Amino acid sequence: MTNFTQTPREAQMKIKLDTPGQLGQLVRATRKHQAIRQDLLADMLGISENFMGRLENGADTLQWGKLFSVLDALGIQISVDLPDGVAETLARHEQKSRTAKP
């Protein structure tokens, strides 16, 4: 199993991910911790067991919408650390998008 960098924050864990396999391991561990069978979670979310298996095994390509459905259902949140200055670039882009709409 991969060694994850953990930073305790309240009752949460902050983990740096470098590969799809690491995310898959986290999904599997979280699902098992919650005692949810893979087939039941897939059925509950309307996705295939094949997708769940591919996700948990670290497939390089997955559908983003399905991925975020699984993460949400398991209570896993994703956040990103952006380089300095990116927030300003995003704000300018959002402002342009708002002014361009009729």
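Residues numbered from 1 in each chain as written. Predicted model: local features only at pLDDT ≥ 70, side-chain atom pairs only at ≥ 80, totals over all residues. Heavy atoms only, no water.

## Some words on helix α3 (residues 49-56)
Those residues of α3 that sit buried are Phe51, Met52, Gly53, Leu55 and Glu56. Buried residues in α3 make contact with α1 (20-33), α2 (38-45) and α4 (64-74). Following α3 by one or two positions, Gly58 adopts a phi angle in the positive range, close to 80°. (Buried < 20%, exposed > 50% of the residue type's maximum accessible area, 1.4 Å probe, protein only. Helix = DSSP H or I, 4+ residues; strand = E, 2+ residues; numbered from the N terminus. Contact = heavy atoms within 4.5 Å.)

## A closer look at the packing of aromatic side chains
According to the stated counting rule, one finds one aromatic pair in the structure shown. Consider the rings of Trp64 and Phe68, whose centres lie 5.9 Å apart with planes at 20°: the pair is stacked. Residue Trp64 and its partner Phe68 are both found in helix α4; the two are separated by four residues, about one turn of the helix. With a relative accessible area of 62%, Trp64 lands in the exposed category. Assessed through its relative accessible area of 40%, Phe68 is described here as partly exposed. (Phe/Tyr/Trp six-rings, centres within 6.5 Å; stacked < 30°, edge-to-face > 60°.)

## Considering the side chain of Glu56
By the secondary structure assignment, Glu56 is in helix α3. We classify Glu56 as buried; its relative accessible area is 2%. At 3.0 Å, the side chain of Glu56 forms a polar contact with the side chain of Gln38. Ignoring any residue separated from it by four or fewer positions in sequence, one finds Glu56 in contact with Gly24, Gln25, Val27, Arg28, Arg31 and Gln38. (Polar contact = N/O pair within 3.5 Å; in protein donor to acceptor, adjacent residues only side chain to side chain.)

## A look at the side chain of Arg31
Residue position: Arg31 is located in helix α1. The class of Arg31 is buried, set by a relative accessible area of 7%. Discounting chain neighbours no more than four positions away, the residues touching Arg31 are Ile36, Arg37, Gln38, Leu41, Met52, Glu56 and Leu74.

## With respect to α1
In a regular helix each residue adds 1.5 Å, so 14 residues correspond to 20 Å; α1 covers 20 Å between its end C-alpha atoms and thus fits that length. One or two residues past the end of α1 sits Ala35, with phi positive at roughly 55°. (Expected span 1.5 Å × (residues − 1).)

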